[in-house]
Amino acid sequence: MTTPAPLSMDSIVVGRSARMRAVFEFLRVIGNSDSTVLVTGESGTGKEVTATLIHQSSRRKHHPFVAVSCALFSETLIESELFGHERGAFTGAIKDRPGRFELAEGGTIFLDDIDDVPLSMQVKLLRVLQNRTIERLGGTRTVPVNVRVVAGSKRDLKQMVAEGKFREDLYYRLNVLPVALPPLRERREDIPVLMDHFLERYFRRRGEDVPAISDAVKQAFMRYAWPGNVRELENACERIAQTNTCGTVHVGCMSASILFRAGARPLDVSTPAASVPQEAAPISLDDRLRDVEANLIRWALKVSNGNKSRAAELLQIKRSTLGDRINRCGLGALHVPAGDSGEVMAAPPP
Amino acid sequence: MITRERVEAVLNKVRPFMQADGGDIELVDLEGNSAGVRLTGMCAGCPSAHMTLYLGVENALREEIPEFETLRLL
């Protein structure tokens, strides 16, 4: 059982992205409902924060919020964890123990990692959701429960249903109010807000004000793909706050693995390669590849301030090859404006 | 055998960020399959920077150059 930190719709960091604003608008709408919510999102996108928020903004907020990860327990343990057991139900069951559902009475239970629940257990969960009653392991008494269920999944349950890995009936029981949390890489515009928020939090914890942050650090944050999403970004901010020694946040405070991967990702905007056609219309592969090539060459020339030898180094090709490719892509007359660093990282002129 | 070029190619991946921040990472020497580097500029005197860069750069070098052995911070 966890005691949630006080959260409210107003205190939480929403960010400016339209997608997150849409999520929060929806949460406001469903705040006072008792229906089951299914929160889907990659690891670290904030499923538990969302569940807490749903609880805190509901009529149930003065009752318990119980979060349980279904991935933590083995198949046999999940049942005892969720529904409890009576004394003597199995070896080691020396006393009666209420399950998480009973502990959440009147409040909200957050069943995280619902996609990790084995098929055999899914039937039992379905029964609970349908009848709103539980039976403790080894018990005969049927106990009514008044609990709002919020389920969390990192995988697409509908897809799992199609693959026969998740029961269709349980899916429909859970997917009454769906909330989809976007991965951080699809709402990059929120990165600066989140960065400020977490740096503020961790520097405050040390009793310090947030120092100045260098542009290079900001750029690296913007360009990194954040596969661990907001959790990873929070972790990076905590690290900065704990290791900063000089009063300004420089790239030396950052994890080098972030720097390496941010450096390997030259373009901020989606390249033509990323836009896979939706319909069966013909496309020219050669034209597409040339677009990608031209984009990357433009980037290399830009960050090397038009120095072709340096650009060739960045692209890991020979200087002479670069010349050929520039001509082939029709970039011969490309003008590289000085000082226009735009979206891409640029080293300052010497 | 590792060469200066191969090590530099790996270092070049983090360089733009460091240079933009008024620092650099300099390849000082090569000895067998290990390399010695020096941080210069902004983060040169910072123990945190030494730790983060040391681990990250060594990992990256080992990933890209399988025979790479150790990185020395000078």
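Residues numbered from 1 in each chain as written. Chains lettered and ligands numbered in written order. Predicted model: local features only at pLDDT ≥ 70, side-chain atom pairs only at ≥ 80, totals over all residues. Heavy atoms only, no water.

### Here we look at the confidence of the model for chain A
All names here are of chain A. With 83% of its residues at a pLDDT of at least 70, chain A reaches an overall mean of 83. In this model, residues 267-275 is a region of pLDDT below 50 whose contacts with residues beyond four sequence positions or in other chains number 13 contacts. For residues 333-350, every residue scores under 50 in pLDDT, and the model assigns this stretch 30 contacts once sequence neighbours within four places are set aside. (pLDDT = per-residue confidence, 0-100. Contact = heavy atoms within 4.5 Å.)

### Describing the pairing of strand β2 (residues 65-69) of chain A
Residue and element names in this part refer to chain A. With 5 of its 5 residues buried, β2 lies for the most part within the structure. Burial along β2 is two-sided: the face carrying F65, A67 and S69 and the face carrying V66 and V68 are both buried. In this sheet, strand β5 (residues 108-112) lies alongside β2 in parallel orientation, the contact comprising 5 bridges. Its bridge partner being in β5, F65 is matched across the sheet by T108. (Buried < 20%, exposed > 50% of the residue type's maximum accessible area, 1.4 Å probe, protein only. Helix = DSSP H or I, 4+ residues; strand = E, 2+ residues; numbered from the N terminus. Pairing = 2+ DSSP bridges.)

### Digging into the sheet that holds strand β8 (residues 148-153) of chain A
Residue and element names in this part refer to chain A. Strand order in the open sheet made by the 5 strands is β2-β5-β8-β1-β9, with parallel pairing throughout. With one partner strand each, in any of the chains shown, β2 and β9 (177-180) form the two edges of the open sheet. Between one strand axis and the next, the sheet turns through 15° on average, direction left out of account. Looking at chain direction, strand β1 (residues 37-40) and β9 are connected through 4 bridges and run parallel. Its bridge partner lying in β9, V37 is registered against L177. In this fold helix α1 (residues 18-30) packs onto β1, β8 and β9, with an angle of close to 155° to the strand it touches most, β9. (Axes fitted to C-alpha atoms, helices over the stretch in contact; angles between N-to-C directions.)

### With respect to the sheet that holds strand β3 (residues 71-73) of chain B
Across a sheet, strands are paired by hydrogen bonds formed along the backbone, either parallel or antiparallel in direction. Residues and elements named next belong to chain B. Strand order in the open sheet made by the 3 strands is β1-β2-β3, with mixed pairing throughout. Both edges of this open sheet fall to β1 (23-31) and β3, since each of them pairs with a single strand only. Pairwise comparison of adjacent strand axes, ignoring direction, gives a mean angle of 30° for this sheet. Where β1 meets strand β2 (residues 34-41), 8 bridges bridge the pair, whose relative direction is antiparallel. Bridging across to β2, D29 finds its partner in G36. Where helix α1 (residues 4-20) meets the sheet, it contacts β1 and β2, and its direction lies at approximately 165° from that of β1.

### Remarks on the environment of G139 of chain A
All names here are of chain A. One can find G139 in the loop between β6 (133-135) and β7 (142-144). The buried category is assigned to G139, whose relative accessible area is 18%. Taking C-alpha positions, G139 is 9.2 Å from G84, a pair spaced 55 residues apart along the chain.

### Observations concerning helix α11 (residues 256-263) of chain A
The complete set of buried residues in α11 of chain A reads A256, I258, L259, F260 and A262 of chain A. If you follow the buried residues of α11 of chain A, they end up packed against α9 (215-223) and α10 (229-243) of chain A together with α1 and α2 (47-64) of chain B.

### Details of the environment of G106 of chain A
Residue and element names in this part refer to chain A. By secondary structure assignment, the location of G106 is in the loop between α4 (100-103) and β5. Residue G106 is classed as buried on the basis of its relative accessible area, which comes to 13%. Separated by 28 residues in the primary sequence, G106 and I134 have C-alpha atoms spaced 14 Å apart.

### Focus on the packing of aromatic side chains
Here the distance between the centres and the angle between the planes together describe a pair of aromatic rings. Residues and elements named next belong to chain A. Applying the stated criterion to the full structure yields 4 aromatic pairs over all chains. Centroid distance F221 to W226: 5.1 Å. Interplanar angle 50°. Geometry classified as tilted. Here F221 and W226 have matching classes, each one buried. Here the aromatic rings of Y224 and W226 are separated by 4.7 Å at their centres, their planes lie at 85°, and the arrangement is edge-to-face. Here the aromatic residues F221, Y224 and W226 are joined through ring pairs into a cluster of three or more. (Phe/Tyr/Trp six-rings, centres within 6.5 Å; stacked < 30°, edge-to-face > 60°.)

### Brief notes about the nonpolar core
In terms of nonpolar packing, the biggest core is built from 52 residues, with F221, W226 and L233 of chain A touching the most fellow members. Elements with a contribution of two residues or more to this core: α8 (191-205), α9, α10 and α11 of chain A together with α1, β1, β2 and α2 of chain B. The residues contacting L233 of chain A, other than those within four sequence positions of it, are L184, I191, L194, M195, F198, F221 and W226 of chain A. Membership of the second largest hydrophobic core comes to 32 residues, among which are L38, F73, A104 and M160 of chain A. (Core = buried A, V, L, I, M, F, W, Y, C linked by side-chain atoms within 4.5 Å.)

### A word on the packing of helix α3 (residues 75-83) of chain A against helix α5 (residues 119-131) of chain A
Any two packed helices are characterised by how steeply their axes cross, that is the angle between the axes, and by the distance between the axes. All names here are of chain A. Look at α3 against α5: their axes get within 10 Å of each other, and the N-to-C directions meet at 15°. When the axes of α3 and α5 are compared, the pair comes out roughly parallel. In this structure, α3 meets α5 at a crossing whose hand is right-handed. The segment α3 lies against α5, with E75, I78, E79, L82 and F83 engaging S120, M121, K124, L125 and V128. For the contact of α3 with α5, the per-class residue count stands at 6 nonpolar, 1 polar and 3 charged. (Parallel < 35°, antiparallel > 145°, perpendicular 65-115°, else oblique. Left-handed = near helix turned anticlockwise from the far one by under 90°. Nonpolar A, V, L, I, M, F, W, Y, C, P; charged D, E, K, R; others polar.)

### Some details on empty space enclosed by the protein
Throughout the structure, instances matching the rule amount to 1 cavity of 30 Å³ or more. Its residues placed into classes, the lining of the largest cavity shows 4 nonpolar, 2 polar and 2 charged. (1 Å grid on protein atoms, 1.4 Å probe; cavity = no way out; pocket = protein on both sides within 12 Å on 5 of 7 lines; lining within 4 Å. Points joined across faces, edges and corners; volume = space filled by probe spheres on them.)

### Side note on the interface of chain B and chain A
Listed per partner, the contact involves 20 residues of chain B and 26 residues of chain A. Here chain B and chain A share an interface that buries about 1900 Å² over both sides, 71% of which is from carbon and sulfur atoms. Interface area lost by chain B to chain A is led by F17, D21 and T52 of chain B, which between them contribute 34%. Our count for the contact surface shared by chain B and chain A stands at 4 residue pairs in polar contact (both at pLDDT 80 or more). Per-element tally for the side of chain B that touches chain A: the top contributor is α1 of chain B, with 9 residues. (Buried area = accessible area lost by both parts, 1.4 Å probe. Polar contact = N/O pair within 3.5 Å; in protein donor to acceptor, adjacent residues only side chain to side chain.)

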